[in-house]
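What the coordinates show
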Amino acid sequence: MGVDEFSEMGPVDYLILEFPGNRMTGEGLPLLLDLVDRNIIRILDLSFVRKDADGSVIALEIADMDGDGQFDLAVFEGASSGLLGEDDFREAAAVLEPGNSAGVIVYENVWAAPLAAALRRSGARMVANGRIPTEDLLATLEAVEAGSTP
């Protein structure tokens, strides 16, 4: 990817999804594929790591994640922009419990690309962003419904 391509991109986010006991059922895969098919996100990187009981970290191949004999993630084979490196995998593994594995996904929010590009052209810049945890939202809604403030 060149600099010109990045100037037209939407915001880029990452997720580290932990799978306790290395159980990856593949249940979320159709939903991820739907987001890609509908051009809401574009997967830039998709990798898997496992943290063994002794704390060692192993990169996993994209393969048959649910054990049904089919190559589940073939559509993402080669999804590697070069943005993720060894340090990123070590950081991802640092948040894992021993004996668990994780998917590391870097994705572009394609839906936001036209707005982001227009704002960049006008000189605007992102000065902060974040995510509100679902638990916090639920607690606030419950407090509002109960007539109090959190």
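Summarised in this report is the structure supplied together with it. In this text, all values refer to a predicted model and were calculated from it rather than measured experimentally.

This paragraph deals with helix α4 (residues 113–121). Along α4, the positions that sit buried rather than exposed are Ala113, Ala116 and Ala117. The buried residues of α4 occupy an angular sector of 95 degrees when projected down its axis, which confines them to one face. Away from its buried face, by an angle of more than 90 degrees, α4 presents the exposed residues Pro114 and Leu115. Where α4 ends, the next residue or the one after it, Gly123, has phi of about 95 degrees, a positive value.

Moving on to the sheet that holds strand β1 (residues 12–19). Sheet strands pair by backbone hydrogen bonding; their relative direction is either parallel or antiparallel. Here four strands make up an open sheet; going across it, the order is β1-β4-β2-β3 and the pairing antiparallel. Strand pairing shows two members of the sheet lacking a second neighbour, β1 and β3 (57–60), which therefore form its edges. Put simply, the sheet's adjacent strands are angled 25 degrees from each other on average, direction ignored. Here four bridges tie strand β2 (residues 41–51) to β3, and the two strands are oriented antiparallel to one another. Its bridge partner being in β3, Phe48 is matched across the sheet by Leu60. Along the sheet, helix α2 (residues 29–37) contacts β2 and β4 (100–109); its crossing angle with β2, the most-contacted strand, is approximately 155 degrees. This element, helix α3 (residues 86–94), spans β1, β2, β3 and β4 of the sheet and lies at about 65 degrees to β2.

Turning our attention to the pattern of salt bridges. For the coordinates displayed, the defined rule picks out six salt bridges. For the salt bridge of Arg50 with Asp52, the shortest nitrogen-to-oxygen distance reads 2.9 Å. Of the residues examined, Asp52 reaches a relative accessible area of 22% and is grouped as partly exposed. With a closest N to O distance of 2.3 Å, Asp87 and Arg90 form a salt bridge. You can see Asp87 and its partner Arg90 sitting in helix α3, three residues apart, about one turn around the helix.

Met9, Leu44, Val49, Leu84, Phe89, Ala92, Leu96, Ala102, Val104 and Val106 together form the largest nonpolar core, which totals ten residues. For this core, the elements supplying multiple residues, two or more each, are β2, α3 and β4. The element that contributes the greatest number of residues to this core is β4, accounting for three residues. Sequence-distant contacts of Leu84, defined by excluding residues within four places in its chain, comprise Asp45, Ser47, Phe89, Val104 and Val106. Core analysis: the second largest hydrophobic core is formed by eight residues, Met24, Ile41, Ile43 and Leu46 among them.

Right, let's talk about the pairing of β2 for a bit. Counting buried positions over the eleven residues of β2 gives nine, a clear majority of the element. Pairing between β2 and β4: ten bridges, direction antiparallel. Bridge assignment links Ser47 to a residue of β4, and that residue is Val104. Remark: five residues form the turn of the hairpin made by β2 and β3, two consecutive strands paired antiparallel; Gly55 in that turn has positive phi of roughly 90 degrees.

Here Asp34 lies in helix α2. Looking at Asp34, its side chain comes within polar contact range of the side chain of Arg38, at 2.9 Å.

All right, on to the side chain of Ser101 then. Its place among the elements puts Ser101 in strand β4. Given a relative accessible area of 0%, Ser101 falls into the buried group. What Ser101 contacts, discounting residues up to four positions off in sequence, is Leu17, Glu18, Phe19, Asn22, Met24, Val49, Arg50, Leu60 and Leu96.

Calculation notes
- Residues numbered from 1 in each chain as written.
- Predicted model: local features only at pLDDT ≥ 70, side-chain atom pairs only at ≥ 80, totals over all residues.
- Heavy atoms only, no water.
- Buried < 20%, exposed > 50% of the residue type's maximum accessible area, 1.4 Å probe, protein only.
- Helix = DSSP H or I, 4+ residues; strand = E, 2+ residues; numbered from the N terminus.
- Arc of directions from axis to C-beta.
- Pairing = 2+ DSSP bridges.
- Axes fitted to C-alpha atoms, helices over the stretch in contact; angles between N-to-C directions.
- Contact = heavy atoms within 4.5 Å.
- Salt bridge = Lys/Arg side-chain N within 4 Å of Asp/Glu carboxyl O.
- Core = buried A, V, L, I, M, F, W, Y, C linked by side-chain atoms within 4.5 Å.
- Polar contact = N/O pair within 3.5 Å; in protein donor to acceptor, adjacent residues only side chain to side chain.

Bear in mind that shape data such as this cannot, by itself, settle questions of function.
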